[in-house]
Amino acid sequence: MFAELNNGLTILLLIFTNAEMICSEVIKGCSENLKSIPWKPCEFPDSRDHYYVPLDGGRRFLPKIDKLEGNGEHAVKVVCFDSKTKRSRASDLLVCFDGAWYPNDHGCVDIVCDPVFNTTSTNYSCMTQAGEHVSCVDPVPMNTQLTIHCSHWRYNPNGGSKVCLDGEWEKWEPCREQCGLVTDNIPQGINSSEAALLRNPWHVVIYRLTNGNWTQKCAGTIIEHRLIITAGVCLHPLSDPKSLKVAVGSYFKHFGTAKSSRGIHEVEQVFFNADNSIAMLRTKVPLQYSDTVGSACITRIHYNADPEYLLIFPILTEYVDTGFTSKETLVTRLDPSCSNRADERICSYSFDHRKVEAVNIGAGSASSIIDFEDNSVRWYLRGILIDSYNNSDNSLSLFTSIDVWKNREFIKSVMENLGLTD
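Residues numbered from 1 in each chain as written. Predicted model: local features only at pLDDT ≥ 70, side-chain atom pairs only at ≥ 80, totals over all residues. Heavy atoms only, no water.

1. A short note on the pattern of salt bridges
Then step 1. Counted by the stated rule, this structure contains 10 salt bridges.
Then step 2. Note that Lys245 and Glu266 form a salt bridge whose closest N and O atoms lie 3.9 Å from each other. With Lys245 in strand β21 (residues 244–248) and Glu266 in strand β22 (residues 264–272), this pair connects stretches of sequence that are 21 residues apart.
Then step 3. Relative accessible area serves as the criterion here: at 15%, Lys245 is assigned to the buried category.
Then step 4. Residue classification places Glu266 among the partly exposed positions, given a relative accessible area of 40%.
Then step 5. Across the pair Glu268 and Arg282 runs a salt bridge, and its minimum N-O distance is 3.3 Å. Of this pair, Glu268 sits in strand β22 while Arg282 sits in strand β23 (residues 278–283), placing them 14 residues apart in sequence. (Salt bridge = Lys/Arg side-chain N within 4 Å of Asp/Glu carboxyl O. Helix = DSSP H or I, 4+ residues; strand = E, 2+ residues; numbered from the N terminus. Buried < 20%, exposed > 50% of the residue type's maximum accessible area, 1.4 Å probe, protein only.)

2. A short note on the sheet that holds strand β10 (residues 122–127)
Then step 1. The strand order across the open sheet formed by five strands is β11-β10-β13-β15-β16, and the pairing between neighbours is antiparallel. The sheet is open, and its two edges are formed by β11 (133–134) and β16 (168–169), each paired on a single side.
Then step 2. Where β10 and β11 come together, two bridges link them in antiparallel fashion. Pairing of Met127 across the sheet is with His133, part of β11. (Pairing = 2+ DSSP bridges.)

3. A look at the environment of Leu330
Then step 1. Locating Leu330 in the fold gives a position in strand β25 (residues 325–334).
Then step 2. Distance from Leu330 to Leu311, taken between C-alpha atoms, is 8.4 Å for residues 19 residues apart in sequence.

4. Re the pairing of strand β19 (residues 213–224)
Then step 1. Relative to β19, strand β18 (residues 203–210) runs antiparallel, the two sharing eight bridges. In the strand pairing of β19, Val205 is matched with Ala219.
Then step 2. One ladder, built from three bridges, connects β19 with strand β20 (residues 227–231); its direction is antiparallel. The partner of Glu224 across the bridge, within β20, is Leu227.

Function cannot be inferred from these measures alone, as they are strictly geometric.
Following this line, the structure appears as structure tokens:
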């Protein structure tokens, strides 16, 4: 309402400014007596879709009989005969100046709601009151129903349907991302790589352009539909983000094979923390979530030194005899003897004494926590793989913890600067 009123006041201001300019050029000193100029009055036209009333809502003006003074000091309101579904283009007020109406085009138009466009998380469909399906990307008539559809089960719905009321949509929230979820539907009989994709949907493979060739450099973890976190050692120093690409929902070590899977994404920005131990990549376009592509949670991270504490992370293994690459889920147990909260280290050892290959540096280790709000099991990122080595007893994996304050603050600041937090 105030915005509309401001439009009318703007018209009045322009009229009076114009009048002052005319007055100063034609009659000396007339700025003190502007009323003495014989401005032409305006006649109220006869219209089939609207009529005119004073601003205080008095009697209707008679077309072709009543007139309004043309000095710009008076204004009227336009009322549509069908006021339930139509409104005047001059929605606030109409002014007469020197025989002309301002705004000139003040007829009645349908009351509509603004277009609504699909997003990465949310799709929309529209149906008129008469049951006709119409496009939501065009203005729609009153009482049109907007139905909200989440693009995947990884997004949480926030209301099923809304209605266009008096030119405004009922308030709604788009579907929100649900982190750390793994599909319950893992078919029997699938190979280990396909199962690992379903169990670790946040895992990505990072490729780097070196000497004209794209080669796998390391791994990373999706923490938001355009953000990936990895080890800083994988990327630093970096001169151009365009020299990086990421593959999601795949387990291909060789770029040519991964490219054919259509899961390749360009990188738009890269951020490093103060000591370059952690890097965050922002993709050029949002990642399309699926059963094999989703984000890990990063918000409720709690340090746990329980020796029985398990960490899992995905790895790529290339079999030398066949050249076949497999994605597997490595289950490890926390090793308190080499974990040190003070210097950000988390150590874990694998049960099969397997040393992790260098191309897996940057992979995220995760642990499961029950979300008591909906009784779902969610996976939270705990650390980022920075090294792997063997000792006399087993194979150890070394992670930099994201539980420490400075790393959590770095992640938080990047997300806030990108407008990705509530």
